[in-house]
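A look at the structure
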Amino acid sequence: MRLLPVILFLLTFSCKKEQPAAQTPTAERWVNLAHLDRLYGAVRLANGAEVGTVAIYSEAPDYRLVTDADEGFTCVDDVSRAALLLLNEPDLAKNGDKGDKLRKMTEFVLQLQAPDGEAGAGYFYNFLWPDRTINKTFQTSVAQPNFWSWRAFWHLTEAYSYYRQNDPALAGRIQTANERLLTNMLRDFGSKPRDFTFIRGVQTPKWLPFGSGSDQAAVMLLGLLNVYQQNQRPDVLKLMEQLGEGIVAMQAGGAGKFPYGAILSFENIWHAYASDQAYALLRAGKALNKPEWQAVARREIDNFYPYLIQQGFLESFEVEQANGEFKAVKTSKFSQIAYGIRPMIWAALEAYEQTKDKRYADLAGQLTGWFLGKNAASAVMYDRATGRGYDGIGAGGVVNRNAGAESTIEALWAFQRIENFPEVRSLIAK
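Every residue gets a number counted from 1 within its own chain, in the order that chain's sequence is written. Residue-level local features of this predicted model are given only where pLDDT is at least 70; pairs of side-chain atoms are given and counted only at 80 or more, and the full residue set underlies all totals for whole chains, interfaces and linings. Hydrogens and water molecules were not included; the side-chain quantities draw on all heavy atoms of the structure.

Our focus in this paragraph is the overall build of the protein chain. Secondary structure summary: the protein chain contains 14 helices and 17 strands in total. For the protein chain, the C-alpha radius of gyration of 21 Å lies close to 22 Å, the compact-globule estimate for 430 residues. Summarising its shape, the C-alpha atoms of the protein chain cover approximately 60 × 50 × 45 Å along the three principal directions. Residue contacts follow a heavy-atom distance rule, with two residues in contact if any of their heavy atoms lie within 4.5 Å. Intrachain contacts of the protein chain at a sequence separation of at least 6 include 62% that bridge at least 24 residues. Surface accessibility in these figures is a Shrake-Rupley result with a 1.4 Å probe; residues are shielded only by whichever protein chains are displayed. As displayed, the protein chain has an accessible area near 17000 Å², and 51% of this comes from carbon and sulfur atoms. In this tally, Asp and Glu contribute negative charge and Lys and Arg positive charge; neither His nor the terminal groups of the chain are included. A single reference atom marks each charge: NZ on Lys, CZ on Arg, CG on Asp, CD on Glu. Positive and negative side-chain charges in the protein chain, numbering 46 and 47 respectively, have mean positions lying 2 Å apart. A run of DSSP states H or I qualifies as a helix once it reaches four residues; a run of E qualifies as a strand once it reaches two. Both are numbered from the N-terminal end. Our radius of gyration is a C-alpha quantity, and the globule rule it is checked against amounts to 2.2 Å times the number of residues to the power 0.38.

One speaks of a salt bridge when a side-chain nitrogen belonging to Lys or Arg is within 4 Å of a carboxyl oxygen belonging to Asp or Glu. All chains considered together, the criterion is met by 29 salt bridges. A salt bridge links Arg64 to Glu59, with the nearest nitrogen and oxygen atoms 2.8 Å apart. Burial classes: relative accessible area under 20% of the type maximum marks a residue as buried, over 50% as exposed, and values in between as partly exposed (1.4 Å probe, protein chains only). On the basis of relative accessibility, which here comes to 27%, the residue Glu59 falls in the partly exposed class. The shortest N-O distance in the salt bridge between Arg187 and Asp188 comes to 2.7 Å.

On to the packing of aromatic side chains. Stacked, edge-to-face and tilted labels apply to pairs of Phe, Tyr and Trp rings (six-membered ring for Trp) whose centres lie within 6.5 Å, assigned for plane angles under 30 degrees, over 60, and everything in between, in that order. Going through the model one piece at a time under the given rule, you end up with 22 aromatic pairs. A centroid spacing of 6.2 Å and a plane angle of 25° characterise the contact between Phe304 and Tyr307, whose relative ring orientation is stacked. With a gap of 3 residues between them, Phe304 and Tyr307 both fall in helix α10 (residues 291-310), about one helical turn apart. A residue is classified by how much of its surface remains accessible, and Phe304, at 1% relative accessible area, is buried. Seen from their ring centres, Tyr352 and Phe421 are 6.1 Å apart, and the 55° between their planes marks the pair as tilted. One end of the pair, Tyr352, is in helix α11 (residues 338-355); the other, Phe421, is in the loop between α13 (405-418) and α14 (422-428), with 69 residues separating them in the sequence. An identical accessibility class is assigned to Tyr352 and Phe421; each is buried.

Below, the discussion takes up α10. End to end, α10 covers 28 Å across 20 residues, agreeing with the expected 28 Å (1.5 Å per residue, within 8%). What is called the bend at a residue is the angle between a pair of axes, fitted to the seven residues leading up to and ending at it and to the seven starting from it. Maximal helix bending in α10 amounts to about 30°, located at Phe304; proline Pro306 follows within four positions. One or two positions beyond α10, positive phi appears at Gly312, with a value near 75°. An expected span of 1.5 Å times one less than the residue number is assigned to each helix.

So, on to the confidence of the model for the protein chain. Note: pLDDT gives the predictor's confidence per residue, expressed from 0 to 100. Predicted confidence across the protein chain gives a mean pLDDT of 94, with 94% of residues reaching 70 or more. pLDDT under 50 marks residues 1-25. Its contacts with residues more than four places away, or in other chains, come to 42 contacts.

This part covers the sheet that holds strand β12 (residues 316-322). Read from one edge of the open sheet, 3 strands run β11-β12-β13, paired in antiparallel fashion. Unpaired on one side and paired on the other, β11 (269-271) and β13 (325-332) mark the two borders of the sheet. Direction aside, neighbouring strands of the sheet carry axes that sit 25° apart on average. Only strands that DSSP links by at least two bridges are regarded as paired with each other. Judged from the 3 bridges that link them, β11 and β12 form a sheet pairing that is antiparallel. Note on β12: the bridge partner recorded for His271 is Ser316. Helix axes are fitted to C-alpha atoms over the stretch in contact, other axes to C-alpha atoms as well, and angles between N-to-C directions run from 0 to 180 degrees.

Looking at where Tyr57 falls in the secondary structure, it is placed in strand β3 (residues 57-59). When its relative accessible area of 34% is taken as the criterion, Tyr57 is described as partly exposed. Through-space distance from the C-alpha of Tyr57 to that of Val76 is 14 Å; in sequence the pair is 19 residues apart. Those residues in contact with Tyr57 that sit more than four places away from it in its chain are Arg64, Leu65, Val66, Asp68, Glu71 and Gly404.

This paragraph deals with the packing of α11 against helix α12 (residues 358-368). It is at 8 Å that the axes of α11 and α12 come closest, and there the two elements cross at 165°. The pairing of α11 with α12 is recorded here as roughly antiparallel in orientation. Along this stretch, α11 crosses α12, giving a crossing that reads as left-handed. For the pair formed by α11 and α12, the contact residues are Ile341, Met344, Ile345, Ala348, Leu349, Ala351, Tyr352 and Thr355 on the first element and Lys358, Tyr360, Ala361, Leu363, Ala364, Leu367 and Thr368 on the second. A per-class count over the contact of α11 with α12 returns 12 nonpolar, 2 polar and 1 charged. Angular relationships are summarised with four words: roughly parallel below 35 degrees, roughly antiparallel beyond 145, roughly perpendicular across 65 to 115, and oblique for the angles in between. By the definition used in this description, the sense in which the near helix is turned from the far one sets the handedness, with an anticlockwise turn below a right angle giving left-handed and a clockwise turn giving right-handed. Put simply, Ala, Val, Leu, Ile, Met, Phe, Trp, Tyr, Cys and Pro go in the nonpolar bin, Asp, Glu, Lys and Arg in the charged bin, and everything else, Gly too, in the polar bin.

Following this line, the structure appears as structure tokens:
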């Protein structure tokens, strides 16, 4: 039934060649939005709403845009990332093109919130089909408490602050969407008992997303922090404390003890992608005056990040615990992706901003080296001249030269944040 629209979508973009960079990088900027601009497209949904999309896949060597037969061609996860990137662009208020794209991408996310009467009402669908209808059935697209709903929340809570000043009507719609999702979050997570379970001897909480999903809890925490700073609601604070304590409980080891303060991602597993726990704990810990959260984050940054650099970075590992000691039972070095490196850069930069300790700036510079060729492939993974973020490094140091939305935006996110720190910029310029 969907075969013809998919074919037509592919034909539309298959002969589309990579255009010259729309934004020439300067000595001042590492961020180049040319490839992201290529991934972007404005479309009209079946209900007539005009929205901004970001193509999920862009394949080398000509960087044509492609779709996925099971999921679709664009998703809330990536559109929200791109919107958050634009929200932090220094010239957003004066750049009409960026402002138009931000507005249309925000409209896209608003349109994908499940309405009342549908399963998962208040949560977000993720993918859009090439025929401009919403994918409501595939496992990575259904409206549920999962990554795409939390990332939509993070985006919309920041967009609310921006539009409250210059578009009260849109801000009102955003606030309504945020309240609907927040109601779900408070209902589904706010009153869970703080119980634990054991997996291969590792004590893990049962009150985070999917029980022990500290990776998802970190994204939730970032959105909730925006809400709390806008309106200091006690129920929001309670939920933040619940999530933060769950993340803290997932830390394993410490200085000189494997896995060196790593905050496990889920159950007894650490994975690099989505590892925003330290960054979220630093941000929330500072805002809520919880120095113990900040200390947990710094313990990971101080001990685990240098270990990862020494190992040439890792994709994931599983641990077991016996007699108070952790040991690895399964370790994977590949694939390595931008989504696994950017969170560590953000955490190191946040630690530097909070402490002014230069070693965190040095660490951020070392981590950024992964994008600039200091990796298992000795390959540049962010091309400053084109704005492409490459899709990863696989076994044997083989580079995936495709440049999809996630890798491109995660790379841009890293360098956008670095641009605010002259000390780190000077390190990576050497």
